[in-house]
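The primary structure of each chain is shown beneath.
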Amino acid sequence: MDSSVVFMFSGQGSQYYGMGKELYRLNSVFRKWMTRLDEIHTDITGRSVLKVLYDDTRQRGDVFDSLLYTHPAIFMVEYALTQVLQERGIYPDYVLGSSLGEFASAAAAGCMSYEDTLQCIVKQAQMVETYCPKGGMLAVIGDLSLYDQIPVLNANSELASINYDSHFVVSGSCEGLEEIEHCLTANEIICQRLPVQFAFHSSLIDPIALEYTAFLKLKTVKTPAIKVVSSMCGGKAASLDNRFFWNVARTPIHFRSALNDLGDGDGVVYIDLGPSGTLANFVKYHFGSKKKASICSILSPFQNDVKNLDRLFEIFD
């Protein structure tokens with residue numbers, strides 16, 4: 001990887017009301033694709049994501065955790081932003097997804113049509129809301145060894161994600177996570193609940209396994225036209241199958257391993273297409289202050305999306 005562009009796509013926990021709103025107002029390509037995807041979503045569900053996402057009565061700091069809207073909204077923003085970059089001639093050599101972001105990654109790589117991808121995301125949200133018990137996800141700032149060292153932690157949760165050496169995420173029941181929070185806070189270990197009402201990457205979503213995998217079998221999955229690096233696999237994935245789209249929700253995320261596979265070369269450009277720049281921050285922390293790769297993000301809860309996009313275009317012009 002002497003010179004490679006990596007598009008990165010984040011998942012649940014990176015969303016907020018109004019994400020991408022500035023681009024929606026000012027960038028015609030982004031607006032066109034957000035509108036197109038919202039039309040598809042409305043055809044499927046009878047509900048508009050855009051009316052909720054860009055509701056002027058909502059503040060960016062309000063909790064946005066209704067799965068029926070957050071699931072499709074994250075994909076819509078990431079896929080629309082992908083189209084914006086490609087319209088300007090910026091194409092990835094690799095795509096890297098994390099959790100729900102694996103759907104956007106696969107769609108960007110041409111593995112599944114964006115229509116089918118959105119259908120799969122909507123179906124997953126509907127089934128999780130209907131059949132799975134409420135739970136949550138908790139980010140922990142600390143070495144992964146804490147998971148085995150603290151009994152309350154490993155007894156009340158399942159390891160959901162390893163993002164970099166001092167950042168991991170666990171999933172569990174609401175009661176279990178409350179116990180963990182009390183314990184970690186008492187021991188001065190920083191932790192934070194993600195705005196997610198269900199315990200993805202854990203056995204608590206197993207109730208949908210049979211029906212959801214049966215639904216996925218109806219979809220056509222093609223050989224990637226762009227090289228796929230999967231956080232579920234922890235590295236490059238030469239091909240994807242239908243079950244892949246269940247595993248990315250059920251099995252742990254190995255983002256740290258996926259980054260190690262891609263590397264920290266001088267010519268590598270990591271571009272975060274997620275709503276919050278979360279993965280860009282993970283990359284920075286993972287490779288450290290001596291990093292060689294370039295790391296860019298576009299969207300942020302603090303706005304400046306258009307300026308960030310223009311700055312990225314300058315790099316490639």
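Residues numbered from 1 in each chain as written. Predicted model: local features only at pLDDT ≥ 70, side-chain atom pairs only at ≥ 80, totals over all residues. Heavy atoms only, no water.

(A) Expanded view of the sheet that holds strand β10 (residues 267-272). In spatial order, the strands read β8-β7-β2-β1-β10-β11; together these six strands make up an open sheet with mixed pairing. The open sheet has two edge strands with one neighbour each: β8 (235-237) and β11 (294-297). The mean angle between the axes of side-by-side strands here comes to 25°, regardless of whether they run parallel or antiparallel. Relative to β8, strand β7 (residues 227-230) runs antiparallel, the two sharing three bridges. Paired with Val 228 across the bridge in β8 is Ala 237. (Pairing = 2+ DSSP bridges. Helix = DSSP H or I, 4+ residues; strand = E, 2+ residues; numbered from the N terminus. Axes fitted to C-alpha atoms, helices over the stretch in contact; angles between N-to-C directions.)

(B) How the structure looks around the nonpolar core. Of all hydrophobic cores here, the largest spans 83 residues; its most connected members are Leu 85 and Ile 271. Broken down by element, this core gets its largest block of residues, twelve residues, from helix α4 (residues 67-87). Setting aside residues up to four positions removed in sequence, Leu 85 forms contacts with Phe 7, Ile 90, Ile 271, Leu 273, Ile 298, Leu 309, Leu 312 and Phe 313. Among the nonpolar cores identified, the runner-up in size contains 20 residues, and Val 6, Tyr 270, Val 283 and Phe 287 belong to it. (Core = buried A, V, L, I, M, F, W, Y, C linked by side-chain atoms within 4.5 Å. Buried < 20%, exposed > 50% of the residue type's maximum accessible area, 1.4 Å probe, protein only. Contact = heavy atoms within 4.5 Å.)

(C) View of the packing of aromatic side chains. Applying the stated criterion across every chain yields a total of 14 aromatic pairs. Here Tyr 212 and Phe 215 contribute two aromatic rings whose centre-to-centre distance is 6.4 Å and whose plane-to-plane angle is 15°, an arrangement assigned as stacked. Remark: Phe 215 and Tyr 212 occur in helix α10 (residues 209-216); sequence separation between them is three residues, near one turn of the helix. Ring centres 6.1 Å apart and planes at 40° place the aromatic pair Tyr 270 and Phe 287 in the tilted group. (Phe/Tyr/Trp six-rings, centres within 6.5 Å; stacked < 30°, edge-to-face > 60°.)

(D) Highlighting the pattern of salt bridges. Tallying each qualifying case throughout the model produces seven salt bridges. For Arg 250, the salt bridge is made with Asp 206, and the minimal N-O distance between the two is 2.6 Å. Placement of Arg 250 in helix α11 (residues 244-250) and of Asp 206 in the loop between β6 (191-193) and α10 is noted, with a sequence separation of 44 residues between them. On the accessibility criterion, Asp 206 (33% relative accessible area) is partly exposed. (Salt bridge = Lys/Arg side-chain N within 4 Å of Asp/Glu carboxyl O.)

(E) Expanded view of the environment of Ile 74. In this fold, Ile 74 is placed in helix α4. On a C-alpha basis, the gap between Ile 74 and Leu 96 in space is 15 Å, while along the polypeptide they are 22 residues apart.

(F) Expanded view of the packing of helix α12 (residues 255-262) against helix α13 (residues 278-287). Two elements in contact, α12 and α13, have axes whose closest approach is 11 Å; the angle formed by their N-to-C orientations is 70°. Judged by the angle between their axes, α12 and α13 are roughly perpendicular. The hand of the α12/α13 crossing is right-handed. Within the contact between the two elements, α12 uses Phe 255, Arg 256, Leu 259 and Asn 260 and α13 uses Leu 279, Phe 282, Val 283, His 286 and Phe 287. Residue composition of the contact of α12 with α13, by class: six nonpolar, two polar and one charged. (Parallel < 35°, antiparallel > 145°, perpendicular 65-115°, else oblique. Left-handed = near helix turned anticlockwise from the far one by under 90°. Nonpolar A, V, L, I, M, F, W, Y, C, P; charged D, E, K, R; others polar.)

(G) Highlighting the packing of α4 against helix α5 (residues 101-108). One can describe the packing of α4 onto α5 by two numbers: an axis separation of 9 Å at closest approach and a directional angle of 30°. With respect to their mutual orientation, α4 and α5 come out roughly parallel. Handedness of the α4/α5 crossing: right-handed. Touching Phe 75, Glu 78, Tyr 79 and Thr 82 of α4 are Gly 101, Phe 103, Ala 104, Ala 107 and Ala 108, all from α5. Looking at the contact of α4 with α5 residue by residue, the classes come out as six nonpolar, two polar and one charged.

(H) View of helix α6 (residues 114-131). Between its first and last C-alpha atoms α6 spans 26 Å; for 18 residues at 1.5 Å apiece the expected length is 26 Å, and the two agree. Those residues of α6 that fall on the buried side of the exposure criterion are Tyr 114, Thr 117, Leu 118, Cys 120, Ile 121, Val 122, Gln 124, Ala 125, Met 127 and Val 128. Its buried side turned inward, α6 meets α2 (28-45), α4, α5, α10 and α11. (Expected span 1.5 Å × (residues − 1).)

(I) Up close: the side chain of Ser 202. Position of Ser 202 among the secondary structure elements: in the loop between β6 and α10. Among the polar contacts listed, one links the side chain of Ser 202 to the backbone oxygen of Ala 199, at a separation of 2.6 Å. Once residues lying within four places of it in the same chain are set aside, the contact partners of Ser 202 are Glu 158, Ser 171 and Arg 250. (Polar contact = N/O pair within 3.5 Å; in protein donor to acceptor, adjacent residues only side chain to side chain.)

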